[in-house]
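# Structural overview
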Amino acid sequence: MPWRLIAKAFGWQTATDEDGDMPILVVWHPRLRRHFTGSDAWRRAVRPSIYAPQPDPADADRKEGLS
């Protein structure tokens with residue numbers, strides 16, 4: 001699966017943390033304020049992007065009143 005391509009389409013960006021002996025890949029999103037590291041960082045970044053958001057409880061009450 002092209003995780004990197006999909007994540008970039010959702011706005012994820014990369015950075016490297018070079019504080020230690022080996023640089024670490026960091027995948028982060030500017031609006032979500034989340035970041036992932038490690039070999040599966042791209043895959044883990046895609047997962048929250050593709051799930052539908054939960055409905056707002058205030059909207060649920062309003063929709064019930066319209067019926």
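Here is a short report on the structure shown in this document. Note that the structure is predicted; figures quoted are calculated from it, not measured.

### Here's the deal with the packing of aromatic side chains
Scanning the model with the defined rule gives one aromatic pair in all. For the pair W12 and F36, a centre-to-centre distance of 5.6 Å together with 45 degrees between the ring planes defines the contact as tilted. With W12 in the loop between α1 (3–9) and β1 (13–17) and F36 in strand β3 (residues 34–37), this residue pair connects regions lying 24 residues apart in the sequence. The class of W12 is buried, set by a relative accessible area of 2%.

### Some remarks on helix α2 (residues 41–50)
If you check which residues of α2 are buried, you get A41, W42, A45, V46 and S49. Looking straight down α2, one finds that the buried residues subtend no more than 130 degrees of arc, so they occupy a single side. The secondary structure elements touched by the buried residues of α2 are α1, β1, β2 (24–29) and β3.

### Quick notes on the environment of A15
Tracing the backbone through its elements, the reader meets A15 in strand β1. Along the chain, A15 and V26 lie eleven residues apart, while their C-alpha atoms are 5.1 Å from each other. Apart from residues lying up to four places away in sequence, A15 is in contact with I24, L25, V26 and W28.

### A few points about the nonpolar core
A7, W12, V27, F36, A41, W42, A45 and V46 form the largest nonpolar core, which has eight residues in total. The greatest single-element share of this core, amounting to four residues, is contributed by α2. Ignoring any residue separated from it by four or fewer positions in sequence, one finds V27 in contact with W12, Q13, R34, H35, F36, A41, W42 and A45.

What counts and how
Residues numbered from 1 in each chain as written. Predicted model: local features only at pLDDT ≥ 70, side-chain atom pairs only at ≥ 80, totals over all residues. Heavy atoms only, no water. Phe/Tyr/Trp six-rings, centres within 6.5 Å; stacked < 30°, edge-to-face > 60°. Helix = DSSP H or I, 4+ residues; strand = E, 2+ residues; numbered from the N terminus. Buried < 20%, exposed > 50% of the residue type's maximum accessible area, 1.4 Å probe, protein only. Arc of directions from axis to C-beta. Contact = heavy atoms within 4.5 Å. Core = buried A, V, L, I, M, F, W, Y, C linked by side-chain atoms within 4.5 Å.

That's the geometry; what it means functionally is another story.
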